[in-house]
Amino acid sequence: MAPGNDSFVTEFILLGLTDQPDLQLPLFLLFLGMYIVTVLGNLGLILLIVLNSHLHTPMYFFLFNLSSIDICYSSVFTPKMLLNFISKKNIISYTGCMTQLYFYCFFAISECYLLTSMAYDRYVAICKPLLYNVVMSPKVCSSLMLASYLMAFSGAMAHTGCMLRLTFCDANTINHYFCDILPLLQLSCTSTYINELEMFIVVGINIIVPSFTIFVSYGLILSNILHVKSTEGRSKAFSTCSSHIIAISLSFGSGAFMYLKPSSAVSMNEGKISSVFYTNTVPFLNPLIYSLRNKDVKHALRKTLRRRQF
């Protein structure tokens, strides 16, 4: 991913989240704490799923992948973001910037489709419980994950490939804390029409298609739940889906707000605040959402802790 012959910029300067000196240390400590919780929380979920055989089900197979993606996703930009808070001049090479952009897109898109697979899994579990083990076989689960990663690969290649065709002349200061698409488009000294069209199409597909699938899945789930006469049965069904609905709302809502409008309509300060939400807050909250609201995970944690005491 080296710069082409027409690109004069060999490195970029990241302005970071804020230029106010008094906020640098508090923000460094805040995001360092969030990053540690993100890594340890998701790693803890991964270990619980691996160590407890009763969690070796399709739902936790997807949750295992979600935790793995969240660790990688947050690690794409958080270490550099933390460095920005304690450094005077924050430089990233052209190659490093394009690499960061690629992996950011890859993990973000793969999470969208993974959440879609999880919605389908909940639909089958609640609406077709007798066929669950047949429909959600290991082969089907693996195929859904492979499809998620293939969609992520193609989307990340499209975003990064279009970015590589742009020319960056003298302007090399990115008004952001990582190499996001919109701040980079604002630095280009050539037309960004193709890039904006590509971004709108690719982001649109990767938000609208999963969102439609998720809405249909949960519409059918809701219809099924309303036909359940038992209050306890309804409560259990809603409890099963509530964690997933929260995670979907956080991920898709912030992404759609940021990218499904023209770059001229997005102020960078507004964009940076929105970015913090889906790059730092969502991976931070996911392990909390899926552990604190999940009886199986709580039981597995207690069982693992008791096992370690003996």
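Scoring rules and cut-offs
- Residues numbered from 1 in each chain as written.
- Predicted model: local features only at pLDDT ≥ 70, side-chain atom pairs only at ≥ 80, totals over all residues.
- Heavy atoms only, no water.
- Helix = DSSP H or I, 4+ residues; strand = E, 2+ residues; numbered from the N terminus.
- Buried < 20%, exposed > 50% of the residue type's maximum accessible area, 1.4 Å probe, protein only.
- Contact = heavy atoms within 4.5 Å.
- Areas by Shrake-Rupley, 256 points an atom, 1.4 Å probe, with all protein chains shown as cover.
- Pairing = 2+ DSSP bridges.
- Axes fitted to C-alpha atoms, helices over the stretch in contact; angles between N-to-C directions.
- Patch = residues over 30% accessible without salt bridge, like charges linked within 9 Å, V, L, I, M, F, W, Y side chains within 5 Å.
- Salt bridge = Lys/Arg side-chain N within 4 Å of Asp/Glu carboxyl O.
- Lys, Arg positive; Asp, Glu negative; His and termini not counted.
- Charge placed at Lys NZ, Arg CZ, Asp CG, Glu CD.
- Disulfide = S-S within 2.5 Å.
- pLDDT = per-residue confidence, 0-100.
- Core = buried A, V, L, I, M, F, W, Y, C linked by side-chain atoms within 4.5 Å.
- UniProt positions renumbered as here; feature names shortened; annotations may be inferred.

**A word on the overall build of the chain**
- Looking only at helices and strands, the chain has ten helices and three strands in total.
- Its helices and strands taken in sequence order, the chain reads β-α-α-β-α-α-α-β-α-α-α-α-α from the N to the C terminus.
- Counting every position in the chain, which comprises 310 residues, the buried fraction comes to 49%.
- Summarising the internal contacts of the chain: among those between residues at least 6 apart in sequence, 81% fall at separations of at least 24.
- Counting every atom, the chain has about 15,100 Å² of accessible surface; 68% of that belongs to carbon and sulfur.

**Topic: the pairing of strand 1 (residues 11-14)**
- Across three bridges, the pairing between strand 1 and strand 2 (residues 91-93) is antiparallel. What sits directly across from E11, in strand 2, is S93.
- In the sheet, strand 1 pairs with strand 3 (residues 173-174) via two bridges, with the strands oriented parallel. Pairing of L14 across the sheet is with I174, part of strand 3.

**So, the sheet that holds strand 3**
- If you trace the three strands from one edge of the open sheet to the other, you get 2-1-3, paired in mixed fashion. The sheet is open, and its two edges are formed by strand 2 and strand 3, each paired on a single side.
- Helix 3 (residues 94-127) contacts strand 1, strand 2 and strand 3 of the sheet and is inclined by roughly 85° relative to strand 2.

**As for a positive patch on the surface**
- On the surface, K295, K298, R302, K303, R306 and R307 cluster together into a positively charged patch.
- Locating K298 in the fold gives a position in helix 10 (residues 295-309).

**A few points about the state of the cysteines**
- Overall, the coordinates contain two disulfides when judged by the stated rule.
- Covalently, C97 is tied to C179 through a disulfide, its sulfur atoms 2.0 Å apart. One quick way to see it: the torsion about the S-S bond of C97 and C179 is about -125°, and its sign makes the bridge left-handed. With a gap of 82 residues between them, C97 in helix 3 and C179 in the loop between strand 3 and helix 6 (181-185) connect regions that are remote in the sequence. Summarising the burial analysis for this pair, C97 and C179 share the class buried.
- Linked covalently through their sulfurs, C169 and C189 form a disulfide whose S-S length is 1.9 Å.

**Some points on the confidence of the model for the chain**
- Residues at a pLDDT of 70 or more form 86% of the chain, whose mean pLDDT is 84.
- Mean pLDDT in the chain bottoms out at helix 8 (residues 231-259), which sits at 67, and peaks at helix 5 (residues 138-164), which reaches 96.

**A few points about the nonpolar core**
- Counting residues in each nonpolar core, the largest one holds 76 residues, and the members touching the most others are F12, Y104, M163 and L184.
- Looking at this core, the element that brings in the most residues is helix 3, giving 18 residues.

**Comments concerning the UniProt feature "transmembrane region" (unreviewed entry) in the chain**
- According to UniProt, the "transmembrane region" (unreviewed entry) feature falls on residues 27-51, 60-81, 101-120, 140-158, 200-225, 237-260 and 272-292.
- Within residues 60-81, the helical portion is 100% and the strand portion 0%, while the C-alpha atoms at the span's ends are 31 Å from each other.
- Spanning residues 140-158, this segment combines 100% helix with 0% strand, and its end C-alpha atoms are found 27 Å apart.

**A look at the pattern of salt bridges**
- Summed over all chains, the structure comprises one salt bridge.
- Linking R122 and D121 is a salt bridge whose minimum nitrogen-to-oxygen distance equals 2.7 Å.
- Residue R122 is classed as buried on the basis of its relative accessible area, which comes to 9%.
- Its relative accessible area of 1% is what places D121 among the buried residues.

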